[in-house]
Each structure stands twice: as structure tokens, then as C-alpha cells.
Amino acid sequence: MKYLILFALLAVAYCDLTCDQAPHIICSNEKLAKMCNAVDRCPNLSKPSRRPIQDAGPVNFTLYYESLCPDCKRFMREQLWPTFLSIGNIMNISIVPYGNAKEEQVGNTWTFTCQHGPDECWGNLLHTCALHLYPFVTYFPFVACMELDDGPVRDAATKCAQRFGMNYQTLSICMNSTAANTWQHEYALQTDALNPPHQYVPWVTIGGVHTEDMEQKAEADLRGLICSYYQGPNKPPACGMAMKIKV
């Protein structure tokens, strides 16, 4: 009986850890929302429509990627980073560094196998630590800096950490921690629970919703796509220079 009680307590604690995330992240996939009893609070899941329901606030945009994926690097260079610089004030950007990786539980920890080899797993874990240890205004430029660098990933990490005032030793310690392993596992759960399941990376969602039409428009003109979804007042001047996209 005492083992059953202990198991229940651990399950509750794990659920609390996983569910202690921003609402738009929890709502980005159905399994996570169900585990957190949040489906009724997720308009994109509680309604049959696959079109994002956008209010007058910033557009909730999520990128699922992996650190050494050439197409992900291209998307960051040509679309997401320039879009952030021009209209970032009307976006809530979330990034999930996992992509097409696979995980396997070994004892109390998780091991990861990545599409582009061990260096990509290293990069994914480094990004995971950055996301949890630093605010968005620091970690997002850091990640973009690494994605825009075509050199060795570890050299890029050192240069970009120094550029944005991040403590590289702290990041390195984090990467060897149990917490980082758990955080990466949570990104695996979030990615694997996408509905529809992701077929490739980069994979984007707006308001927790993904469609092929949205993906194609995001890869062609992300700024125009975000501007078309934004329903708030005073659109940034850059929206007037974006390609007109109907949604």
C-alpha cells in the first residue's frame, strides 16, 4: 500500500511539473491538455475547426525544430528571426528543441537519439537549458545566433553565449543535470503529442493549430502570415510591407 501511495504522489508531482507551463504551450497538443485537464480552456481543441481562434492579443506562434536541421536553420534565418525583428511585439513566440529525435528510458533517465547525430542532441539540450535558465529576451537571440551560424555547433554556442552575456559554464552544468534531462523529455512529450502528428521540421503552429496551408505560408512569408492573424489595434508599419495572405 505504501508503494501505491508513493507512486501516486510521484505521479501528481510529475503532472504538476509538466502542467506548469504557459497556456498556449499546454494547448499546443491534445494529449498534454487532457493530462492537465485543460481541454475546455483550449479553444483550438474544444472546437472542431482547425483554424486558429485569434483574439486581439499577440499571435501565439510555436516552432518545433532541431538544432542542426538545415531546413530549420533556413527558416530561422529567412523567416522567424527577421519576422521577430520587425513585428515581434505582436507575437508570443515559443520554440521546442526536439524535432525528429527519439527517446528511450534507461533507469530513471532518458537517452536521446537525434536525426543529425550526437552534436544535434547536444545542441537541443543546450537550447533546452537556455530556455529554462534565461528570459525570452536573452535565450531567443542566443538560439537564433546559433541557428544562423554554419560553423561547428560547440563553437557557435561559445560565441553566441558570450555575445548575449550568458554564463557558458552555467549552461554546461545544466546540461548534465537531472532537470535538463526531464525538460528534454517534456519537449519530447509535447512534440510527440502534436495533433496532427508532425511529419517533418520545421513544424509551426498558430494558436496550437497546424495545417499544411499554414506551414507553406509560414515558410514563404511568415511576417505576412502573422500580420494576417493579428486582430489587435495599431498593426506595426512592417505589416504594410508584408505580402498579402488570406487565411
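Our subject is the structure that appears above.
Going along each chain's sequence as written, the residues are numbered from 1 onward. Confidence filtering applies because this is a predicted model: local features only for residues at pLDDT of at least 70, side-chain atom pairs given and counted only at 80 or more, and all residues used for totals across whole chains, interfaces and linings. For side-chain calculations, the full set of non-hydrogen atoms in the structure is used, while hydrogens and water are omitted.

Considerations on the sheet that holds strand E5 (residues 203-206)
Right, on to step 1. A sheet is described by the order of its strands in space; here three strands give the open sequence E2-E1-E5, paired in mixed fashion. Each of the sheet's edge strands pairs with one partner strand only, and the pair in question is strand E2 (91-97) and E5. Going from strand to strand, the sheet's axes swing by 15° on average, the running direction of each strand aside.
Right, on to step 2. Note on pairing: two strands pair once DSSP finds at least 2 bridges between them. Each helix is a run of DSSP H or I of at least 4 residues and each strand a run of E of at least 2, with the numbering of both proceeding from the N terminus. Strand direction decides the pairing type here: strand E1 (residues 59-65) and E5, joined by four bridges, are antiparallel. The residue bridging Phe61 from the neighbouring strand is Ile206, located in E5.
Right, on to step 3. Whether two residues touch is decided by their heavy atoms; if any such pair falls within 4.5 Å, the residues are in contact. Axes here mean lines fitted to C-alpha atoms, for a helix over just the part in contact, with angles spanning 0 to 180 degrees between N-to-C directions. Contacts from helix H5 (residues 70-87) reach E1, E2 and E5, with the element oriented near 160° to E1.
Right, on to step 4. Along the sheet, helix H7 (residues 136-148) contacts E1 and E2; its crossing angle with E2, the most-contacted strand, is approximately 55°.

A short note on the pattern of salt bridges
Right, on to step 1. Between Lys or Arg on one side and Asp or Glu on the other, a salt bridge is scored when a side-chain nitrogen of the former is within 4 Å of a carboxyl oxygen of the latter. Applying the stated criterion to the full structure yields five salt bridges.
Right, on to step 2. Arg74 is the salt-bridge partner of Asp71, the closest N and O atoms lying 2.4 Å from each other. Of this pair, Asp71 and Arg74 both sit in helix H5, three residues apart, which is roughly one turn of that helix.
Right, on to step 3. In this structure, the salt-bridge partner of Arg77 is Asp150, at a minimum N-O distance of 3.3 Å.

Overview of the packing of H5 against helix H11 (residues 212-229)
Right, on to step 1. For the pair H5 and H11, the least separation of the axes is 9 Å and the interaxial angle reads 15°. One element, H5, and the other, H11, form an angle in the roughly parallel class. Between H5 and H11 lies a crossing whose hand is right-handed. Residues Phe75, Gln79, Leu80, Thr83, Ser86 and Ile87 of H5 form the contact with H11, whose own contacting residues are Ala218, Glu219, Ala220, Asp221, Leu222, Arg223, Ile226 and Cys227.
Right, on to step 2. Classification used: nonpolar for Ala, Val, Leu, Ile, Met, Phe, Trp, Tyr, Cys and Pro, charged for Asp, Glu, Lys and Arg, polar for all others including Gly. Here the contact of H5 with H11 is built from residues that sort into eight nonpolar, three polar and three charged. Roughly parallel refers to an angle under 35 degrees, roughly antiparallel to one over 145, roughly perpendicular to one between 65 and 115, and oblique to any angle outside these ranges. Crossings are sorted by hand: turned counterclockwise from the far helix by less than a right angle, the near helix makes the crossing left-handed, and turned clockwise it makes it right-handed.

Things to note about the nonpolar core
Right, on to step 1. By size, the foremost hydrophobic cluster in this structure holds 64 residues, and its most contacted members are Phe61, Leu63, Leu80, Ile95, Phe142 and Ile226.
Right, on to step 2. Residue contacts for Leu80: discarding those within four places in its chain leaves Phe61, Leu63, Phe75, Met91, Ile93, Phe140 and Leu222.
Right, on to step 3. Formed by five residues, the second largest nonpolar core is a distinct cluster that contains Ala33, Cys36, Ala38 and Cys42. Note on terminology: a nonpolar core comprises buried Ala, Val, Leu, Ile, Met, Phe, Trp, Tyr and Cys residues joined through side-chain atoms within 4.5 Å. Each residue gets one of three labels from its accessible area relative to the maximum for its type: buried under 20%, exposed over 50%, partly exposed in between, using a 1.4 Å probe on protein chains only.

With respect to empty space enclosed by the protein
Right, on to step 1. Only protein atoms enter the 1 Å grid, on which a cavity is a set of points fitting a 1.4 Å probe that cannot get out and a pocket is an open set with protein on both sides within 12 Å along at least 5 of 7 lines, lining residues being those with an atom within 4 Å of a point. Grid points are joined across faces, edges and corners, and a volume is the space filled by probe spheres set on the points. According to the stated counting rule, one finds one cavity of 30 Å³ or more in the structure shown.
Right, on to step 2. Lining the largest cavity are Ser67, Leu68, Lys73, His127, Met146, Glu147, Asp149, Gly151, Val153 and Ala156.
Right, on to step 3. Elements supplying a minimum of two residues to the lining of the largest cavity: H7 and helix H8 (153-163).
Right, on to step 4. A breakdown of the residues in the lining of the largest cavity according to their chemical character gives four nonpolar, three polar and three charged.

Focus on the state of the cysteines
Right, on to step 1. Pairs of cysteine sulfur atoms within 2.5 Å are what we label disulfides. Tallying each qualifying case throughout the model produces four disulfides.
Right, on to step 2. Covalent S-S linkage joins Cys114 and Cys121, the inter-sulfur distance amounting to 2.1 Å. Taking the torsion about the S-S bond as the criterion, the Cys114 to Cys121 disulfide, at about 115°, is right-handed. Each member of the pair, Cys114 as well as Cys121, is classed as buried.
Right, on to step 3. Across the disulfide, Cys145 is cross-linked to Cys160 (sulfur-sulfur distance 2.0 Å). Around the S-S axis, the bridge from Cys145 to Cys160 shows a dihedral of about -75° and counts as left-handed. Here the residue Cys145 occupies a position in helix H7, and Cys160 occupies one in helix H8, the gap between them amounting to 15 residues.
Right, on to step 4. We note that Cys69 lacks a disulfide partner, and the nearest cysteine sulfur, in Cys72, lies 3.0 Å from it.

Regarding the pairing of strand E4 (residues 109-113)
Right, on to step 1. In terms of strand pairing, strand E3 (residues 102-106) meets E4 through five bridges, oriented antiparallel. Residue Gln105 lies in a different strand from E4, and its bridge partner there is Trp110.
Right, on to step 2. The loop that links E3 with its antiparallel partner E4 comprises two residues; one of these, Gly107, has a positive phi angle of about 65°.

Spatial relationships are all this shows, so hold off on functional conclusions.
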